[in-house]
Amino acid sequence: MASANVELVRSIYVAQQRGDFTSAEWAHPAIDYEIVDGPAPGRWKGRVEMAAAWRELLTPWDDLRIEPQEYRELDDERVVVLTRSSARGKASGLTLPQAWTNGAAIYQMRDGKVTRHVVYFDRDRALAELGISSEGEP
């Protein structure tokens, strides 16, 4: 049976798999949000700044989908999700570069809310920084 933290993270992806990135009820009001690599790396604080960062990231893309492939509970507070993304550029019609399609996201929780969310477009980098083997990943 999955932990409450894994279930919380799973619930986030239900909407995102449909292309709906509008909900942030899962996020602590003072969430620490970071995009480590990819087209728009940076670090933001709070739901408002996180939403602005997401809007900036989403604007150039049509039909962005982030599909969870595997959930791994790291400890009592953290869950890493191995993801596969797809999208098409609005202006160019080109799809996401292959290098960005296998990513990862780390969620740190406290009291039923995500307090830190770190996004990696490069899955291997995320796993290396976490000290996790990529063996057996999808």
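Up top you'll find the structure we're talking about.
Reading the values: rules and limits
Residues numbered from 1 in each chain as written. Predicted model: local features only at pLDDT ≥ 70, side-chain atom pairs only at ≥ 80, totals over all residues. Heavy atoms only, no water. Helix = DSSP H or I, 4+ residues; strand = E, 2+ residues; numbered from the N terminus. Buried < 20%, exposed > 50% of the residue type's maximum accessible area, 1.4 Å probe, protein only. Contact = heavy atoms within 4.5 Å. Areas by Shrake-Rupley, 256 points an atom, 1.4 Å probe, with all protein chains shown as cover. Core = buried A, V, L, I, M, F, W, Y, C linked by side-chain atoms within 4.5 Å. Pairing = 2+ DSSP bridges. Salt bridge = Lys/Arg side-chain N within 4 Å of Asp/Glu carboxyl O.

### A closer look at the overall build of the protein chain
Then comes step 1: In terms of regular secondary structure, the protein chain is built from three helices and six strands.
Then comes step 2: Written out in order from the N terminus, the α and β elements of the protein chain read α-β-β-α-β-β-β-β-α.
Then comes step 3: When the 138 residues of the protein chain are sorted by exposure, 41% land in the buried category.
Then comes step 4: Nonlocal contacts in the protein chain, meaning residues at least 24 apart in sequence, comprise 54% of its contacts between residues at least 6 apart.
Then comes step 5: Surface accessibility of the protein chain: about 7,500 Å² in total, with carbon and sulfur atoms responsible for 49%.

### Looking at the nonpolar core
Then comes step 1: The biggest cluster of nonpolar side chains holds 29 residues, and the ones touching the most others in it are Val-9, Tyr-13, Trp-26, Trp-54, Tyr-107 and Val-114.
Then comes step 2: Of all the secondary structure elements, the ones that give two or more residues to this core are helix 1 (4–17), strand 1 (27–35), helix 2 (46–58), strand 3 (61–73), strand 4 (78–89), strand 5 (102–110) and strand 6 (113–120).
Then comes step 3: Aside from chain neighbours lying at most four places away, what touches Trp-54 is Phe-21, Tyr-33, Leu-64 and Ile-66.
Then comes step 4: Core analysis: the second largest hydrophobic core is formed by nine residues, Val-80, Leu-82, Ala-104 and Ile-106 among them.

### Some details on the side chain of Thr-83
Then comes step 1: Along the chain, Thr-83 falls in strand 4.
Then comes step 2: Once residues within four sequence positions are removed from consideration, Thr-83 is found in contact with Tyr-13, Ile-66, Glu-67, Pro-68, Gln-69, Thr-101, Asn-102, Gly-103, Ala-104 and Arg-123.

### What to know about the pairing of strand 1
Then comes step 1: For strand 1 and strand 6, the ladder comprises five bridges, and the chain directions are parallel. The partner of Ile-35 across the bridge, within strand 6, is Val-119.
Then comes step 2: By the bridge criterion, four bridges tie strand 1 to strand 2 (residues 42–45) in an arrangement that is antiparallel. The residue bridging Asp-32 from the neighbouring strand is Lys-45, located in strand 2.
Then comes step 3: The antiparallel pairing of strand 1 with strand 2 creates a hairpin that spans six residues between the two strands, and Gly-38 there sits at a positive phi of about 90°.

### Considering the environment of Val-14
Then comes step 1: Mapped onto the fold, Val-14 is located in helix 1.
Then comes step 2: Along the chain, Val-14 and Glu-67 lie 53 residues apart, while their C-alpha atoms are 9.0 Å from each other.

### Quick word on the pattern of salt bridges
Then comes step 1: Across all of its chains, the model carries seven salt bridges by this definition.
Then comes step 2: Asp-75 is the salt-bridge partner of Arg-78, the closest N and O atoms lying 2.9 Å from each other.
Then comes step 3: Take Arg-78: its relative accessible area is 26%, and that puts it in the partly exposed class.
Then comes step 4: You can call Asp-75 partly exposed: its relative accessible area is 31%.
Then comes step 5: Where Arg-125 meets Glu-129, a salt bridge forms, and the shortest distance between an N and an O atom there is 3.0 Å. In this pair, Arg-125 and Glu-129 both sit in helix 3 (residues 123–130), four residues apart, roughly one turn of the helix.
Then comes step 6: Connected through salt bridges with shared partners, the residues Asp-32, Glu-34, Arg-43 and Arg-116 form a single ionic network.

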